[in-house]
Every structure is written in structure tokens, then in C-alpha cells.
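Summary of structural features
Next come the chains, spelled out residue by residue.
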Amino acid sequence: LFWSALSSPDVAPGVLKGSRFCVFGMGDRSYADSFCEAAHLIEKRMTELGATKAMEMGIGDDRDEDKWETGFSKWLPEFWSCVKAAEPADDGAPKAP
């Protein structure tokens, strides 16, 4: 749904002017010809529509030691800084009843 709407030729050029965005892609680098392809396509299309990258794309590689979390752990603090928000104290883990 998201990609269908974003990639539609009916979307007006410049419609996202003034918007900022960031992307975190996940993939497996052994698929060299399509590694994080969806993230790259989204980033490209967002800029085509006038949005500005707020920061460089983060990459999570399933081949890394901690899988995609290796890249995400590096990218996430940069994200919080970029959006000028404090890193949440909640780790997101389910809480005991």
C-alpha cells in the first residue's frame, strides 16, 4: 500500500517539498544485486517528490554479527539526535503483567 501510493505516477512532483525523512533498510548483503533495494527505492522516490533526507540511510545486514541489530544500534542514536528527541528510557520489551 505504502509503496503503491508513493510510486504512483499520479503523485504530483514536489508534493513532499518541505518534508524531511529518514530510512533504515534491512537486507542480506549476499543478495548483492538487490541488497536493501526497498529502502533505496523509497529514498530515491521521496527525494524525487521533493522531500529532503534528514540523515544518511541506515543499513541492517543479516550477515552482521548481531544481524540487522548491528546497524540499527549504530543508526538509532543518530536518529534521536537528528530529530532532536531524547532516546526513550523504555527499551520496548514486553512488560510483565
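Remember, it's a predicted structure, so these values are computed and weren't measured experimentally. (Residues numbered from 1 in each chain as written. Predicted model: local features only at pLDDT ≥ 70, side-chain atom pairs only at ≥ 80, totals over all residues. Heavy atoms only, no water.)

1. What about the overall build of the protein?
Note the following rule: Helix and strand assignments come from DSSP, with helices taken as H or I runs of at least 4 residues and strands as E runs of at least 2, each series counted from the N terminus. A radius of gyration in this sense is built from C-alpha atoms; the matching globule rule multiplies 2.2 Å by the number of residues raised to 0.38. Burial classes follow relative accessibility: with a 1.4 Å probe on protein chains only, a residue under 20% of its type's maximum area counts as buried, one over 50% as exposed, and anything between as partly exposed. The criterion used for residue contact is that any of the two residues' heavy atoms lie within 4.5 Å. Here the accessible surface of atoms and residues is derived via Shrake-Rupley with a 1.4 Å probe, and residues count as covered only by protein chains that are part of the display.
For the protein, the count of helices and strands is 3 helices and 4 strands. Order of helices (α) and strands (β) in the protein, N terminus to C terminus: α-β-β-α-β-β-α. For 97 residues, the compact-globule estimate of 2.2 N^0.38 gives 13 Å, and the protein exceeds it by more than 25% at 16 Å. Once the C-alpha set of the protein is aligned to its principal axes, its extents read approximately 45 × 35 × 30 Å. Sorting the 97 residues of the protein into buried and exposed places 25% on the buried side. For the protein, the share of sequence-separated contacts (at least 6 apart) that also reach a separation of at least 24 residues comes to 68%. Accessible surface for the protein amounts to roughly 7,000 Å². Of this, 57% is attributable to carbon and sulfur atoms.

2. Brief notes about the nonpolar core
One recurring pattern in soluble globular proteins is that nonpolar side chains are buried together. We count it as follows: Here, the term nonpolar core denotes a set of buried Ala, Val, Leu, Ile, Met, Phe, Trp, Tyr and Cys residues that are joined through side-chain atoms within 4.5 Å.
Leu6, Phe21, Val23, Ala39, Met46, Leu49, Ala51 and Met57 together form the largest nonpolar core, which totals 8 residues. In terms of nonpolar packing, the next biggest core, distinct from the first, is built from 6 residues, Met55, Trp75, Phe79 and Cys82 among them.

3. Section: unusual backbone geometry
The phi torsion at Lys67 lies on the positive side, around 60°, for a residue other than glycine. Residue class for Lys67 comes out partly exposed when judged on its relative accessible area of 42%. The backbone of Lys84 sits at a positive phi, close to 55°, despite the residue not being glycine. Assignment of secondary structure puts Lys84 in the segment after helix H3 (68-82).

4. Quick notes on the packing of aromatic side chains
Quick note on the threshold: Pairing of aromatic side chains here covers Phe, Tyr and the six-membered ring of Trp, requires ring centres within 6.5 Å, and sorts the geometry by plane angle: under 30 degrees stacked, over 60 edge-to-face, intermediate tilted.
The tally for this structure, following the rule as stated, stands at 6 aromatic pairs. Measuring from ring centre to ring centre gives 5.4 Å for Trp75 and Phe79, while their planes differ by 25°; the resulting arrangement is stacked. Here Phe79 and Trp75 lie together in helix H3, a separation of 4 residues that amounts to about one turn. Just as Trp75 is buried, Phe79 falls in that class too. Between Phe79 and Trp80, the aromatic rings sit 5.0 Å apart at their centres with planes inclined by 65°, giving edge-to-face as the arrangement. As far as the burial class goes, Phe79 and Trp80 line up, both buried.

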